[in-house]
Structures are given as C-alpha cells and as structure tokens.
Amino acid sequence: MRKFFKNIFFFVFFLIIAYPFMIFLSGYLPIPQTFKPNLNYRIGSYGHMFTRIKELNQLNGDVDILFLGSSHSYRGFDPRNFNDKKVFNLGSSSQTPIQTKFLLKRYLNKINPKMIIYDVYPGTFSIDGVESSLDLIANDKNDLESIKMAFELNNIKIYNTLIYAGFADFFNLNKNFVEPIKKGEDTYISGGFVENKIHYYKFDNYSKREWTFKEEQVKAFQEIISLLKKKKLKTILVYAPITPRLYNSFTNNNFLESTIIKRNHLEYYDFNNLMKLNDSLYFYDTNHLNLNGVKLFNKKLIETLKL
Amino acid sequence: MLFNSINFAIFLPIVFILYWLVINKNLRLQNSLLLIASYFFYACWDWRFLFLLMFSTLLDYYTGLKMQNAESLNRKGFWFWLSITVNLGFLGVFKYYNFFAESFTETISHFGLQINPATLNIILPVGISFYTFHGLSYVIDIYKNRIKAERNFVDYAVFVSFFPLLVAGPIERATHLLPQIKKERIFNYSKAVDGLKQILWGLFKKIVIADNCAQFANQIFGNSTDYSGSTLVLGAVFFTFQIYGDFSGYSDIALGTARLFGIELLRNFAFPYFSRDIAEFWRRWHISLSSWFRDYLYIPLGGSKGGMWMIIRNTFIIFIVSGFWHGANWTFIAWGALNAIYFLPLLVTKQNRNNLEIVAKGKLLPTFKELSQIAITFGLTVFAWIFFRAESVGHALSYISGIFSKSLFTIPKFPDIKPAIVTITILMFFVLIEWLGREQQYAIKKLGIKWKRPVRWAFYILLFFIFGMYMNTEETPFIYFQF
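Residues numbered from 1 in each chain as written. Chains lettered and ligands numbered in written order. Predicted model: local features only at pLDDT ≥ 70, side-chain atom pairs only at ≥ 80, totals over all residues.

**Q** Can you walk me through the overall build of chain A in this structure?
**A** Along its length, chain A carries twelve helices and eight strands. In terms of overall size, chain A behaves like a compact globule, its C-alpha atoms giving a radius of gyration of 21 Å where 307 residues would be expected to give roughly 19 Å. Taken over the C-alpha atoms alone, chain A extends approximately 70 × 40 × 40 Å along its principal axes. By residue count, 37% of the 307 residues in chain A fall in the buried class. Look at the contacts in chain A between residues 6 or more apart in sequence, and 80% of them connect residues 24 or more apart. (Helix = DSSP H or I, 4+ residues; strand = E, 2+ residues; numbered from the N terminus. Rg over C-alpha atoms; globule rule 2.2 N^0.38 Å. Buried ≥ 20, exposed ≤ 12 C-beta atoms within 10 Å, placed from the backbone. Contact = placed C-beta atoms within 7 Å.)

**Q** What am I meant to see in the packing of helix α4 (residues 73-110) of chain B against helix α5 (residues 128-143) of chain B here?
**A** When two helices pack together, their arrangement is given by the angle between the helix axes and the distance between those axes. Residues and elements named next belong to chain B. Where α4 contacts α5, the axes come no closer than 10 Å and their chain directions differ by 170 degrees. Between α4 and α5, the angle falls in the class roughly antiparallel. The crossing of α4 and α5 is left-handed. For the pair formed by α4 and α5, the contact residues are Lys76, Phe80, Ser83, Ile84, Asn87, Phe90, Leu91, Phe94 and Lys95 on the first element and Ile128, Ser129, Thr132, Gly135, Leu136, Val139 and Tyr143 on the second. Broken down by class, the residue content of the contact of α4 with α5 amounts to nine nonpolar, five polar and two charged. (Axes fitted to C-alpha atoms, helices over the stretch in contact; angles between N-to-C directions. Parallel < 35°, antiparallel > 145°, perpendicular 65-115°, else oblique. Left-handed = near helix turned anticlockwise from the far one by under 90°. Nonpolar A, V, L, I, M, F, W, Y, C, P; charged D, E, K, R; others polar.)

**Q** What is the right way to read the nonpolar core from this model?
**A** Soluble globular proteins: nonpolar side chains tend toward being buried together. Residue and element names in this part refer to chain B. Grouped together as the largest cluster of nonpolar side chains are 179 residues, with contacts concentrated most on Phe159 and Phe387. Among the elements that make up this core, the one with the highest residue count is helix α10 (residues 229-260) (17 residues). Structurally, this core is a two-domain feature, drawing no fewer than three residues from each of domain 1 (6-187) and domain 2 (190-276 + 355-482). Among residues more than four places away in sequence, those in contact with Phe159 are His134, Glu172, Ala174, Leu177, Leu178 and Ile181. (Core = buried A, V, L, I, M, F, W, Y, C linked by C-beta atoms within 7 Å. Domains from an automatic or database assignment.)

**Q** Before we go on, may I ask you to explain the interface of chain A and chain B in this structure?
**A** One widely used convention gives an interface's size as the accessible area the parts lose upon coming together. Across the boundary between the two partners, chain A contributes 20 residues, which contact 16 residues of chain B. With nine residues, helix α1 (residues 2-28) of chain A is the single largest residue contributor to the side of chain A that touches chain B. Looking at the side of chain A that touches chain B residue by residue, the classes come out as twelve nonpolar, five polar and three charged.

**Q** How should the packing of helix α12 (residues 287-298) of chain B against helix α13 (residues 308-326) of chain B be read in this particular structure?
**A** All names here are of chain B. Packing of α12 against α13 brings their axes to within 11 Å, and their N-to-C directions diverge by 130 degrees. As far as their axial angle goes, α13 and α12 are oblique. Considering the relative orientation of α12 and α13, their crossing is right-handed. Across the interface between the two elements, Leu289, Phe293, Leu297 and Tyr298 of α12 pack against Asn314, Ile318, Val321 and Ser322 of α13. Looking at the contact of α12 with α13 residue by residue, the classes come out as six nonpolar, two polar and no charged.

**Q** Explain the domain arrangement of chain B to me, please; I cannot follow it from the model alone.
**A** All names here are of chain B. Domain parsing of chain B yields domain 1 (6-187) and domain 2 (190-276 + 355-482). The C-alpha-based centres of domain 1 and domain 2 are spaced at 29 Å. Only α1 (6-22), α7 (163-166) and α8 (174-182) provide two or more residues apiece to the side of domain 1 that touches domain 2. Among the elements that make up the side of domain 1 that touches domain 2, the one with the highest residue count is α1 (three residues). Counted by class, the side of domain 1 that touches domain 2 contains 13 nonpolar, three polar and two charged residues.

**Q** Explain the environment of Ile444(B) here, please?
**A** Residue and element names in this part refer to chain B. Position of Ile444 among the secondary structure elements: in the loop between α17 (417-436) and α18 (453-470). In this structure Ile444 comes out as buried when scored by C-beta crowding, with 22 C-beta atoms within 10 Å. In this structure, Ile444 is in contact with Lys197, Trp201, Ile433 and Gly437, ignoring residues within four places of it in sequence.

**Q** How should helix α15 (residues 368-389) of chain B be read in this particular structure?
**A** Because each turn of an α-helix spans 3.6 residues, side chains separated by three or four positions end up pointing in the same direction. For α15(B), with 22 residues, the first-to-last C-alpha span of 31 Å sits near the 32 Å given by 1.5 Å per residue. The complete set of buried residues in α15(B) reads Gln373(B), Thr377(B), Thr381(B), Ala384(B), Trp385(B), Ile386(B), Phe387(B), Phe388(B) and Arg389(B). (Expected span 1.5 Å × (residues − 1).)

**Q** Is there a simple way to think about the sheet that holds strand β4 (residues 182-183) of chain A in this case?
**A** The strands that make up a sheet are held in pairs by hydrogen bonds between backbone atoms, and each pair lies either parallel or antiparallel. Residue and element names in this part refer to chain A. A sheet is described by the order of its strands in space; here three strands give the open sequence β4-β5-β6, paired in antiparallel fashion. Since the sheet does not close on itself, it has two edges, and those belong to β4 and β6 (193-196), each with one partner. One ladder, built from two bridges, connects β4 with strand β5 (residues 186-189); its direction is antiparallel. Following the sheet pairing, Lys183 is matched in β5 by Asp186. (Pairing = 2+ DSSP bridges.)

**Q** I would appreciate a short explanation of the sheet that holds strand β1 (residues 65-68) of chain A in the present structure.
**A** Residue and element names in this part refer to chain A. If you trace the five strands from one edge of the open sheet to the other, you get β2-β1-β3-β7-β8, paired in parallel fashion. Each of the sheet's edge strands pairs with one partner strand only, and the pair in question is β2 (87-89) and β8 (267-270). Taking each pair of neighbouring strands and ignoring which way they run, the sheet shows an average axis angle of 20 degrees. Strand direction decides the pairing type here: strand β7 (residues 234-239) and β8, joined by four bridges, are parallel. Of the residues in β8, the one forming a bridge with Tyr239 is Asp270.

**Q** Explain the environment of Ser132(A) to me, please; I cannot follow it from the model alone.
**A** Residues and elements named next belong to chain A. The topology assignment puts Ser132 in helix α5 (residues 130-139). Considered as a pair, Ser132 and Arg2 are 130 residues apart in the sequence and their alpha carbons are 45 Å apart. Not counting the four nearest positions on each side in its chain, Ser132 is found in contact with Ser92, Ser93, Ser94, Gln95, Thr96 and Gln99.

**Q** Just to check I follow, could you spell out unusual backbone geometry for this structure?
**A** Backbone phi values are negative for most residues with the exception of glycine, while trans is the configuration of most peptide bonds. The phi dihedral of Asn112(A) falls on the positive side, at around 45 degrees, and the residue is not glycine. Assignment of secondary structure puts Asn112(A) in the loop between α4 (97-111) and β3 (115-119).

Right under this line is the structure:
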C-alpha cells in the first residue's frame, strides 16, 4: 500500500512539472493553432486590448467616466465625443460580467473614476466568457485574480492559456511586442475606443426569441453592483443601441431591468427605446454602431445624463 | 456524477482511502462503505430516483428469499412473476410508456381515428435498464435453482448498485459478482496499478476520442441534407468511433475503478472493430448485454436447437429486443433488425463461430484476407450505426440516400474540416495503440511493461497532455446513460 501511494505521489509530482512544460513548448513552438485547440494565447488580438491596458497603466487616475462592457462599449463610447471630460473605455471583446468584475477588482482603485457607465448588453449574460478571459490573460498581466477567474470559469482552455501566460510573463517573452494602432479596418483611439472604417449594414430579419441569462453571469453582475455600491460610485447602466430588427426579435429585453436593476434601485437607460436609429445608416453590423451611429448615441447619452 | 468530472476525481480517492486505509480488513464495513458511496454517487444525479433503486433492490432481495423458502412450485412461481412483473413494469413505465402511447396514436390515426393519449412527462432514471437487468438475472437464477438467495442485504445491495457499474454496466451476474463481494479483499499493488491504467485508457477513449468525434458527428448528422455523400460517410465513421470511445471508455473506467477496490467486473468490450465477421463483432461488443440476452432470452426460446425457422425467429427476437433495450425509438429496432440480417447468413451456414480468437494472434500484421474481412465488417457496422444515431428512421433513410449519390466520390467538406483532420490524426494513433494491445484485456495493459519507469511514466504523462490539449471544454455525459 505504501508503495502504491508513494508512486502515485511521485507520478503526480512529475505530472505537475511536466504538464506545464509541455504546454509551454506547445505555445512557444510554431505549431499551427489547429493542432493546439485548448491553448489559445492571442496577444494583440481583436479589439486592441493590449494597447488599452498599456494606456491604462500610464493613466494618472482620477478619471471622470469609466466605460465598461463588451465591444459595444469600446466601439460605442468615443472619448472624442466627451470633450471636457477625462474618460476611459475599459471594454473588451465579449466581456461578460465575470471579466468586468475581474477588471474592476484589478483596476478600480488605480482609475479612481467619478462615474461608471456600464453597457449591460444581454448577449454577454448568455455566454460563458471563455473567449474574453483568454483575451485578458494574453493581453494583461496575470496574478492571483487571474487564477481566481480561471477557477470561476473552470475551463481547460483557460487553464492551459494561463499556464503559458505564466511562462510568457516569467521569461518576459512579450517585451518586444508592439501592437499596431491600425489593424485592418480598426484604429485604436486614445482613451480605449476602437474606430472602425465606416460601413453600412445590410439588415437581416430574425425570428422571435429570448435572451438566456446564465446563472454565473447574473451572480457576477450582482457582485459588481455590490462592489460599486460599497465604493459609493455613481453607476449608470445602459443598453447601447443594436439594430432595431435584432432588438425587436428578442422578447425579454427588459429582463435585467425588471429584476436585478429594479431590485438594486439602479439608474438604467435602454437607448434602443430612447432613440430610433436606422438599421443600415447607423450600424456596420447587426449589433455595432458605425461612426455616425456612435456620434448620435454619444450625443444622446450626454443629453440624457446631463454630462 | 460523471466519471469524467472533477467531482468524481475527488470522490474516488476519498472512497479509496477510506476503504483501504481506514476500514481495511473489515469486510462488513467495507461493503457498507461501498453501498453508501454507491447511493451517494447515484443521488448526485437525482436523489428522488434513489428510492426507486432502493425499492427495486429490496423487492428482488425479498422475492429471492421468498422463492428460496417457498414450499411449493406455485408459491415460488408467484414470487418469481411478481418480481419480473414489477421490474419490467418500472422499465416499461419509465422507458417505454410514451413510445407505446405515441406509436398507438399514430397507428390509430392511419385508420382515420384521432385520440389524445395521456403522455407523461417522465424523466428516465439513469441506469434503470442496467440495474433492472442485474435484478432480473438474480431472480431468474434463483428460480432456475442456479444460485441460492443472498441473505445479507448489504451484500446484495452492493451487487445491484456498486457505483462503477451502476449507471451503464457491465451487466453483472450474481454468480460472478456476489462471491467477490462476500470474500475478504486484500490490497494488491499490481491490480491497483492495473486499475489505474485501465481508468486512464478509458478516460482517453471518452475525453479525447468520443468527445472529439461527437462534435463532428453531431454537426454532420444534424445538417445531413447539406453535405455530400463522402462527408456523410465521414460523419458515420466519426459516430462509429464516438460510440465505441464513449461506451468502451466508460466500461474501462468502470472495470478499472472496481479493480481499485479489489473487484473484477465482467469484460464488456474486446476490440470489436477488429472483428472479421458480424458474429465475432457481437462476441466483442457490449459482451455483458449480449451474453445476458443469450442466457436469459435466446437459450430459453430454444436457441439454435430447433429448425431453421426457429433459429431465424430467435435471432430476430434477440436482436430486436436488444435494439429496443437501448431506447424507445424505431431507430434502435431498425438497428437491431439490420444486425439480425447481417448475422443470419453466418448462422444459417454455421459460420458464426469461425473467428473465436483475436485476429492475427501473435503476429504484428493481419493477412490481406483478414484485413479485407475487418474492412467489410467495419463497413457493415458503420452502416448500421447510422440507424442508431439518426433522429428517426426517415432521417436514417435520407442520410443513406445522401451517401449513395454522385457526391460520394468527392472530397469531404464541412466547416470544421481542419479540426476534423486533427481528430483523424489522433484516431490513427488510437487505432495503432488498440491494434498493438488487442491481445490484452485493454490496449495499454501490457504496453511499455518492459520499458524503464521514466519512459513508461512519460507515456502516461503524454496521455494526460493529450487530454489537456484535445479534451472537450465541457463535461459531456456518456451516451449509454440514457439507456
């Protein structure tokens, strides 16, 4: 029996050493992504997160408005439209409440905002948040909070990527990495915004359906609310415009408003009801405003919130 | 609780340590622990069905004792039929009621009559087909005076609900398992290591082979009208490996886990895809179910002893019932009937026991003839699995007609073709390992036994790495849980 437990112990010990090393090699060697599906380290990926975090680290704090949310945030709130305010956009691709909570815990004290505007797109409550976590792991530093986030999502892809990121951070493998300001049709604008070359969307029609709300995302959202309340931070929740056809295809757009938002007496504005935007003229795809749409939305936001 | 879950990875070591370190050398306590652990394991799915399992266990235990003590044959028969009726009644209600109600309504509607059947919103209790068959074999064996009734309730309850086999088999026999439960068990290092190796290989089959093949099989079967004939063939091949990896992987984990506790379960798979004919395939696929039907259905019906028509009838009955056992759907019945059609020519020409040994025993490679036989048998099996996997018989037929089109001779094409190529590469590695280990109970049993420990451990670590790199990112249940 003793031999059995001794060998198990040693095997597990070697496994703990060998497995991360093999993960590191898989990430480091030029193996095509298809052959390493559960390791997805994408530094400088879609959405300019690397540059955004870099700019954030150079901020001196005391920001007037901090924007949070998914791509609807970093493609929807343009700092250039908030002239007299110091604003920063901490949106990231597919950012779900789990990642928002993580980012707030990490950066809230550093940014020290006077107000938070958080885009609560229901679509972010219906996904697991794996893609967004991978984005953060690759483009931001990693610490205990990253490990907590990995455990919260409990996904092998996140564990593997985090292991590789640990090596990458330790050996400073990204020291020479420079993310271009302009990537394809996207241009990074100081303050966290990503400007997309103007396009006009050819609309689609959709059948009726419902948003789904994952329990763990709703829980993370509630934790965000509690954290912000504890910090006594003025928080405004918004639902940024998506194409009216898409918006109207969902029958439960008011789910959050009628439940958590109401329960917590939060200030909330659904801009899909407050302004009427044409599907083609003001959007470049089914749920992202084009630059013309962003200007109108930001103007309406400033008027509504009396900023 | 799934075998491929974190919960099981915590549960198993706890039970193992309690079993061997805390209450070692006390058989009664060890069996009680196994029973509590098994009930906990089962309750993790749905605690309400634990009562059904307990009732079924109590019923068979009680009727077993009553049959043994019966003063007359009539009395014995009464208790026997009571147990059979109640067991099959539960199975019928939970598994087949809606199927019969809906099929009856559909048949009636062909005659222009409309009825509104009272279909029930029934959840199928996991493992009901397996533990019911455990109980049935026990009761039948007592009735036929093959065994004596078990007097110790805990021992009997462990026989029915031992957690490694509770939800998807192997379907055990009282003659095989009960004596092991009653016998003192001593920790054996080699057996425990062997158990761990079999668990490791089972996990590989499930997590890497089955779950990866599943995503492509689901994609192709789910949109079968959109794909070319060659892609549909690929989809059927993916499903063929999915079901093998899933079910034989489960069985390996079950056997390995039981071995950790000093218990040997019946072998359930013996490299079926290396079979040279369908008869051999059925001696190597889901062995515990095939032998159950042989002993408790085929032989009582007369087996192969009667005339030709009787043989044909019995063969069809056993395959159709076997198909129906898998689920309340015409697809399973069609799958069973198709296998009967495959099987009959061998039986009629008395060629059904030609290939009793594993192919190319003692050799590295098969002969050309053997290879051709394996390829033909594999092809027939792939074809039959289409019925098993399809949503309905209509879907299966449309899938097959899609295969036999001009596009059969084109290059397979579907959105995830690149990851599919990676999966095919892994499949080739898997088939190679299975081929090399085909003379053993499971593929990696003797693999590397002569290697030095660092090399052997490096191979196991490589398997863990493949798990981590290629496993599905979500825990997926085993297919046979639904049966």
